[in-house]
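# Survey of secondary and tertiary structure
Okay, here's what each chain looks like letter by letter:
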2 protein chains.
Amino acid sequence: MINTKNPVVAVAGATGAVGLEMLKVMEQRGFPASEVRALASARSVGRRLTYAGAGATGTDSAKDGYVEVAELTSEAFEGVDIALFAAGGDRSMEFRQAVASAGAVMVDNSSAFRMDKDVPLVVPEINPEDISWHQGVIANPNCSTIQLTVVLAALAKLAPLKRVVCSTYQAASGAGAAAMDELYNQAQQFLNDEPLTIDKFAHQLAFNCIPQIDIFLEDGSTKEEWKMVVETQKILHNPNLNLAISCVRVPVLRCHSESVNVEFEQAVSVEEARTALENAAGIMLTDDPSQKEYPMPGLLSGTDDVYIGRLRKDSSVAHGLAFWCVADQLRKGAALNAVQIAELLL
Amino acid sequence: MINTKNPVVAVAGATGAVGLEMLKVMEQRGFPASEVRALASARSVGRRLTYAGAGATGTDSAKDGYVEVAELTSEAFEGVDIALFAAGGDRSMEFRQAVASAGAVMVDNSSAFRMDKDVPLVVPEINPEDISWHQGVIANPNCSTIQLTVVLAALAKLAPLKRVVCSTYQAASGAGAAAMDELYNQAQQFLNDEPLTIDKFAHQLAFNCIPQIDIFLEDGSTKEEWKMVVETQKILHNPNLNLAISCVRVPVLRCHSESVNVEFEQAVSVEEARTALENAAGIMLTDDPSQKEYPMPGLLSGTDDVYIGRLRKDSSVAHGLAFWCVADQLRKGAALNAVQIAELLL
């Protein structure tokens, strides 16, 4: 059994966009670690990452506190209770056994194990009970999946869901810190009329939209779209839920947006939905058309909730609602949800 | 009757983004005008607009040819055969009578008359026959409507449409030339960490998405969303078509994109749809996932077709297809469609 009072926590991939955000979230939430190990590839060893929370390595003059990066190796997990992984699916697979051998629980942000039958896929507001049957690994869902499921779970309490159609407006951060830099630099190149550097995305992202995220599958959908379907079904315990997903990358830095049409089996009024969403954990309604108030991805970086606006009736089906939702891809879409899972373990 | 061989053409709002594009389109298509009058507000009078086509005012040393701006007044329509209006709905209403008195036909890009029973709303690839019953005004549909209807009309030949769900990714150009400048300048301000100038849009657009276009209506939808519903029904002669529309402004300069899910009354295969779209006028299929090929709004400025990609089965309903479509908002979405209507009049 892991130490649930003052656990030793490892963050694998600590220098990445999600890893850094995991440290920030743990610090902000007062995660009761007795030690935090920041693990990354050899070239980052010795780097000091800002972290002033419990279990920090030390303090330095420039900042409140820090953790010093150690190399991500099998030995690094000795004595660890909880290993938060944000180092990509290959690293998660490579070190799964080492984490298990150390007696630690892996909370994995990659897609490597999400659909495995012995791996719970958890959004703490929705299916916290699923962590009870973990076999050493708990998977953190895809970023776009998390924000969609938080809303769908709240709405599904009102009436069974019949079909969900969702088009995404996904930020650069989903492809990592270097991808955010690419968007930033590319926008400057575009404005300067200079040649564009295109490396992290298949095409120019600045002043453009790219209707592809992750690789294509045989049926013409992308893997991101497939993930959103099967992960949502797994999290909601609703394997037959009909979902039509279209994923699009937009030139936004770090919050994902989704335009969603939900069809229910029975009537659900806008007022009922509004009340349910207002009372749901992890959801913030920002929805006042008269004041031009609705959530926007460029203005919500660093927030924790799933923001909902544009809630309205969809009269094109018998029992339809439409809404717009936004969440910080690095917070609720990744780091926050993973730390919340770790909190469930305590 | 108007002179259909060498008509006198007036462009009202000639200095705006759409007006300038109308001149460009007429020139490029060899529109057989005997005279082109560029009309705008008093402050633009005397300005020379590049136009080297038939009916140009003259030539100057710097450019091939030009038209000189005259003031938009009732008298300006004397002797005019076709008046292309892109000066906003107020101007269209103000000068409707003057255009009629001059015996000219108004092709109006504004939303002022689109839903009037005596005004045909025309997309030349779809319902050219509707111009036959015009009473002096023919309306050019909303930009987002045009690109959607071009595709829906081609698909509706395969099987009756049951329901359409569409989320838009609309460019700054839909709000005019100054709005495009605002996005451009705002992006530079954002990169420079300077205060942002926000004037043409309700909120920051650079590195953001704004889920509101036009004003809000009582039912929580926006006027842009309503336009797309009722205009599509009118153009397709299908007043009962179920449409669920969500309109979002994205930081793109001048092409609109749409993520669309279509439900049919009967089975339509991806292959049948592909063939129908390949053979449809005004449509270009750019759809090769293996080569990461699909239409993208940042790369299609200045093009005339409605580009379609990501065509695939939507398995969330009995007979569903999904696709992504992109068109230049200033060309097919406005100026080109208006000039095509004028060509139908000849």
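To start, this report covers the structure provided alongside it. Residue indices begin from 1 for each chain and proceed along its sequence in written order. Following the order in which they are written, the chains are lettered starting with A and the ligands numbered starting with 1. Local features in a predicted model are, by the rule used here, given only for residues with pLDDT of at least 70; side-chain atom pairs are given and counted only at 80 or more, and totals for whole chains, interfaces and linings are based on all residues. Hydrogens and waters are ignored; side-chain quantities use all the structure's heavy atoms.

### Things to note about the interface of chain B and chain A
Filter applied, for reference: The contact definition used throughout considers only heavy atoms, calling two residues in contact when any of these lie within 4.5 Å. Accessible area that two parts lose when put together, with a 1.4 Å probe and added across both, is what the buried area reports. The working definition used for a salt bridge is a side-chain nitrogen of Lys or Arg within 4 Å of a carboxyl oxygen of Asp or Glu. Distance and chemistry together define a polar contact, namely a pair of N or O atoms within 3.5 Å, with one atom able to donate a hydrogen and the other to accept it when in protein, and with adjacent residues in sequence counting only for side-chain atoms on both sides. Counting from the N terminus, the helices are the DSSP runs of H or I reaching at least four residues and the strands are the DSSP runs of E reaching at least two. Under the scheme applied, nonpolar residues are Ala, Val, Leu, Ile, Met, Phe, Trp, Tyr, Cys and Pro; charged residues are Asp, Glu, Lys and Arg; polar residues are all the others, including Gly.
Each side of the interface is counted separately: chain B has 56 residues, and chain A has 56 residues. Buried area between chain B and chain A, both sides added, is near 4,700 Å², and the carbon and sulfur share of it is 58%. For the pair chain B and chain A, the interface holds eight salt bridges. In this structure, Arg163(A) engages Asp314(B) in a salt bridge whose closest nitrogen and oxygen atoms are separated by 2.7 Å. Taken together, the connections running from chain B to chain A amount to 31 residue pairs in polar contact (both at pLDDT 80 or more). Listed by contribution, the elements that provide at least two residues to the side of chain B that touches chain A are β8 (161-169), α4 (177-191), β9 (242-246), β10 (255-264) and β12 (306-314) of chain B. Here the element with the most residues in the side of chain B that touches chain A is α4(B); it accounts for six residues. Of the residues assigned to the side of chain B that touches chain A, the class counts are 30 nonpolar, 18 polar and eight charged.

### Some details on the pairing of strand β13 (residues 320-328) of chain A
Residues and elements named next belong to chain A. Operational definition: Per-residue accessibility, obtained with a 1.4 Å probe over protein chains only, is compared with the maximum for each type, and a residue is labelled buried under 20%, exposed over 50%, and partly exposed between these values. Two strands are said to pair when DSSP picks up at least two bridges between them.
Summarising burial for β13: nine of the nine residues are buried, a large majority. Taking every second residue as pointing to the same face, both faces of β13 are buried, with Gly-320, Ala-322, Trp-324, Val-326 and Asp-328 on one and Leu-321, Phe-323, Cys-325 and Ala-327 on the other. Sheet topology note: the strand β10 (residues 255-264)/β13 ladder contains nine bridges and is antiparallel. From the neighbouring strand, Glu-258 faces β13, where its bridge partner is Cys-325. Judged from the six bridges that link them, strand β12 (residues 306-314) and β13 form a sheet pairing that is antiparallel. Residue pairing across strands places Asp-314 opposite Gly-320, the latter belonging to β13. Hairpin geometry of β12 and β13 is characterised by an intervening segment of five residues between the two adjacent antiparallel strands.

### Thoughts on the relation of the copies chain B and chain A
Note the threshold: Least squares is used to superpose the copies, and the fit set is the C-alpha atoms of residues whose pLDDT is at least 70 in both copies.
Once chain B has been moved 0.0 Å along the axis and rotated by 180°, it coincides with chain A to within an RMSD of 0.0 Å. Given the turn and translation reported, the copies of this chain are related as if by a two-fold rotation axis. When the interface residues of chain B are mapped onto chain A, 100% of them again fall at the interface, so both copies present the same face.

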